[in-house]
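Chain by chain, the residues run as shown.
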Amino acid sequence: MTDVPGEGAAVSQGWKITVIVLAAAGVLSTPVVWLLDGPGAGQLAGATVQAAVGIAALVWALFQRPPSTEPTDRAVQTGKASGGGVTGIRRPGGQGGGSATAERTGDASGGNSVSGIDYSN
């Protein structure tokens, strides 16, 4: 999986739901039991910390983006291009989604030849 620079890590929907459920359980379970039994100062502090951690986990899970389902294009060690050819990946007009990676692409010579990724029309 390739992360887009500047964006958070992708988290699957199943993990997101798991974190939300565990965070909700952490926020509600032990602090409620402690607080119903006439808490002392230590129990109140523990309940506060546990609730804060649960809320932080809940907020984190809610702000995670789903993993990309777009295809990943990759070109490595391609040949030579001349007379308008492309050694790498062509995405006319920037069409398509997902990530595109070109490494050690071949030589490009001649008019309109491209070595790497071509987003032009």
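Residues numbered from 1 in each chain as written. Predicted model: local features only at pLDDT ≥ 70, side-chain atom pairs only at ≥ 80, totals over all residues. Heavy atoms only, no water.

Draft legend 1. Broad picture of the overall build of the protein. In terms of helices and strands, the protein carries two helices and six strands. Listing every helix and strand of the protein by position from the N terminus yields α-α-β-β-β-β-β-β. Taking the intrachain contacts of the protein between residues at least 6 apart in sequence as the baseline, contacts between residues at least 24 apart amount to 68%. Put simply, the protein shows about 7,900 Å² of open surface, and 60% of that area lies on carbon and sulfur atoms. (Helix = DSSP H or I, 4+ residues; strand = E, 2+ residues; numbered from the N terminus. Contact = heavy atoms within 4.5 Å. Areas by Shrake-Rupley, 256 points an atom, 1.4 Å probe, with all protein chains shown as cover.)

Draft legend 2. Local environment of helix 2 (residues 41-62). Its 22 residues give helix 2 an end-to-end C-alpha distance of 32 Å, which sits within 8% of 32 Å, the value for a rise of 1.5 Å per residue. When helix 2 is considered as a whole, its buried residues turn out to be Ala 47, Ala 51, Gly 54 and Ala 61. Down the axis of helix 2, the sector holding all buried residues measures 85°, keeping them to one side. Turned more than 90 degrees off the buried face of helix 2, the exposed positions are Ala 41, Gly 42, Val 49 and Val 53. (Expected span 1.5 Å × (residues − 1). Buried < 20%, exposed > 50% of the residue type's maximum accessible area, 1.4 Å probe, protein only. Arc of directions from axis to C-beta.)

Draft legend 3. Spatial organisation of a nonpolar patch on the surface. Together, Ile 55, Val 59, Leu 62 and Phe 63 line one region of the surface with nonpolar side chains, adding up to about 420 Å² of accessible area. Residue position: Phe 63 is located in the loop between helix 2 and strand 1 (73-76). (Patch = residues over 30% accessible without salt bridge, like charges linked within 9 Å, V, L, I, M, F, W, Y side chains within 5 Å. Salt bridge = Lys/Arg side-chain N within 4 Å of Asp/Glu carboxyl O.)

Draft legend 4. View of the confidence of the model for the protein. Of the residues in the protein, 83% have a pLDDT of 70 or more, and the chain-wide mean is 75. Per-element averaging of pLDDT across the protein places helix 1 (residues 13-36) at the bottom with 76 and helix 2 at the top with 81. (pLDDT = per-residue confidence, 0-100.)

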